[in-house]
Amino acid sequence: MIDLRLVREETEAVREACRRKRIEVDLDRLLQLDQKSRELKFAYDEKRALQNRNSRDLGKAPAGEKAELLAGLKTLSEEVKALEVEQKEVLVELRKLHLLVPNLMDPAVPRGKDDTENVEIKRWGSPRQFAFAPRDHVDLGLSLGILDIERATRIAGSRTYFLKNEGALLELAVLRFAFDHMIRKGFSPMLVPHLVRTEAMEGTAYLPGGEEQAYRSERDDAWLIGTAEVPVTAYRMGEILEDSELPSLMVGMSPCYRREAGTYGKDTRGLYRIHQFQKVEQVVICRADVEESAAWHQRILQNAEEILQALDQPYRVVNVCDGDLGRSQVQKFDIETWMPSRRAYGETHSASRFHDYQARRLDIRYRDSEGKVRHCHTLNNTVIASPRILIPLLENQQQADGSVVIPAVLRPYLGGLEVIRPR
RNA sequence: GGAGAGAUGGCAGAGUGGUCGAAUGCGCCGCAUUGCUAAUGCGGUGUACCCACUAUUACGGGUACCGAGGGUUCGAAUCCCUCUCUCUCCGCCA
């Protein structure tokens, strides 16, 4: 969440962020509640101090005076309690609104209504020109015997799939390759809880707002994660880190569950939009320094690009526009990989930076070199998400005979397999 | 799933209704002592918020926090309830 001081002191900037991100929050009400809560806090503290003093005196007062003191204290006690109740009510409503206030954006964030107006800032490689009619990943997957969507749908519903044989192994290979790449970069590998508490979802800013997108086990008050970002970022929740522990570099791998509510009829074919996938995710927790976190943003973007380059997949990077930015993000770069069947670049990676927005919600702080306690900055980016990445991988690597060439970097993870051939 | 025990400051560990933000030990920081190190002595050592003052973070006053939330009481780390977590035993199990 945003620093309330920003809302107080730079109200117009916050209002502007609401407008640009298309988020409606009653800032006036929020400011009013903020003011009210400080007044109540002051009144409460005063009264409470008096009560504490008098209560202490009562203990050592002579017996004759006790009755009188006690009577006064009883009414004081009532008043304190009333103030406490009022204060709590205000705080509850305040927090509710506070959680909805969007983060401010980097000046470099372009303006636009939705993802169609994201601004391309880089291209690597070029879409392959086929000398034959290329097939899409579903056809390829079926004929190679590595994918089964029809049976999955029968037993698990829409947007599900089986990966089989080399398909299953290919996914594991891609994940492990990505994981290893990040470990070489100094990130600590993490396998994480897939079911998390509301605090973790709220802390990473998926809640409130993302209720429809997440699976939930109501009777256990648990949510299935939509990304390892949630448990990995929340890992040090509530802690004060030492300056020497930063930056904290972590790479998590987990299955990801998404309900995809409201997307009926969209991307219905194949593996593009599905309820469950696996992802390797990089997370950085660094000092509260705008320059430093911006530099990390570039670094984690670069890390992901290295993966695609190693896999020889054409891609582009877009600077995500305000209308497509999330509530919590300062800036976001998406990487889109060329997908022949879509005749377009499709999103495969998403690199976000949050400043202290998540850290404030998760209450992750650090003691800086001067001993001052501050909230950290957090960032994250996809390293690889599968099976979506299998779409370009299969489609771009296909040959006229229907076989698919395995990129060289993955072969060691597949026992040296070079080509997947039709059965 | 059943039975029991527990959760206190960076750590260990006292405290069972008032002067307890909390003994003591360790750790850490400062000072003193000291050829160096060690040892010793003295002092300090949580976080958040509010108020006052001021060059807005130094100093001062106050409030809250002893797993979380609620209750009893003039007053709760201490008593009661709920929840979470940890440990032990039994059962079950990948």
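Only a predicted model underlies this, so the values are computations on that prediction, with no experimental measurement involved. (Residues numbered from 1 in each chain as written. Chains lettered and ligands numbered in written order. Predicted model: local features only at pLDDT ≥ 70, side-chain atom pairs only at ≥ 80, totals over all residues. Heavy atoms only, no water.)

Draft legend 1. The overall build of chain A, seen in detail. Broken down by element type, chain A carries 12 helices and 18 strands. Dimensions along the principal axes, computed over C-alpha positions, put chain A at roughly 105 × 45 × 45 Å. Counting all 423 residues of chain A, 50% fall into the buried class. Counting contacts in chain A only where the partners sit at least 6 residues apart, residues at least 24 apart contribute 73% of the total. (Helix = DSSP H or I, 4+ residues; strand = E, 2+ residues; numbered from the N terminus. Buried < 20%, exposed > 50% of the residue type's maximum accessible area, 1.4 Å probe, protein only. Contact = heavy atoms within 4.5 Å.)

Draft legend 2. Structural view of the nonpolar core. Membership of the largest hydrophobic core comes to 52 residues, with the highest contact counts inside it found for Leu 170, Val 280, Val 284, Ile 384 and Leu 410. The element contributing the most residues to this core is helix H7 (residues 166-184), with 8 residues. Discounting chain neighbours no more than four positions away, the residues touching Leu 170 are Leu 390, Leu 394, Ile 406, Leu 410, Leu 414 and Ile 420. Of all hydrophobic cores here, the second largest spans 23 residues; its members include Val 230, Leu 246, Met 250 and Ala 359. (Core = buried A, V, L, I, M, F, W, Y, C linked by side-chain atoms within 4.5 Å.)

Draft legend 3. Seen up close, the domain arrangement of chain A. Domain boundaries in chain A define domain 1 (4-98) and domain 2 (115-420). Computed from C-alpha atoms alone, the centre-to-centre distance between domain 1 and domain 2 is 43 Å. Each partner contributes residues to the interface: domain 1 has 5 residues there, and domain 2 has 8 residues. Of the roughly 610 Å² buried at the junction of domain 1 and domain 2 (both faces included), carbon and sulfur atoms supply 39%. When residues of domain 1 are sorted by the area they lose upon contact with domain 2, Arg 20, Lys 21 and Ile 23 head the list and together hold 69% of the total. Remark: the boundary between domain 1 and domain 2 carries 2 salt bridges. Linking Arg 20 and Asp 322 is a salt bridge whose minimum nitrogen-to-oxygen distance equals 2.8 Å. One can count 5 residue pairs in polar contact (both at pLDDT 80 or more) joining domain 1 with domain 2. Of the residues contributing to the side of domain 1 that touches domain 2, the split by class is 1 nonpolar, no polar and 4 charged. (Domains from an automatic or database assignment. Buried area = accessible area lost by both parts, 1.4 Å probe. Salt bridge = Lys/Arg side-chain N within 4 Å of Asp/Glu carboxyl O. Polar contact = N/O pair within 3.5 Å; in protein donor to acceptor, adjacent residues only side chain to side chain. Nonpolar A, V, L, I, M, F, W, Y, C, P; charged D, E, K, R; others polar.)

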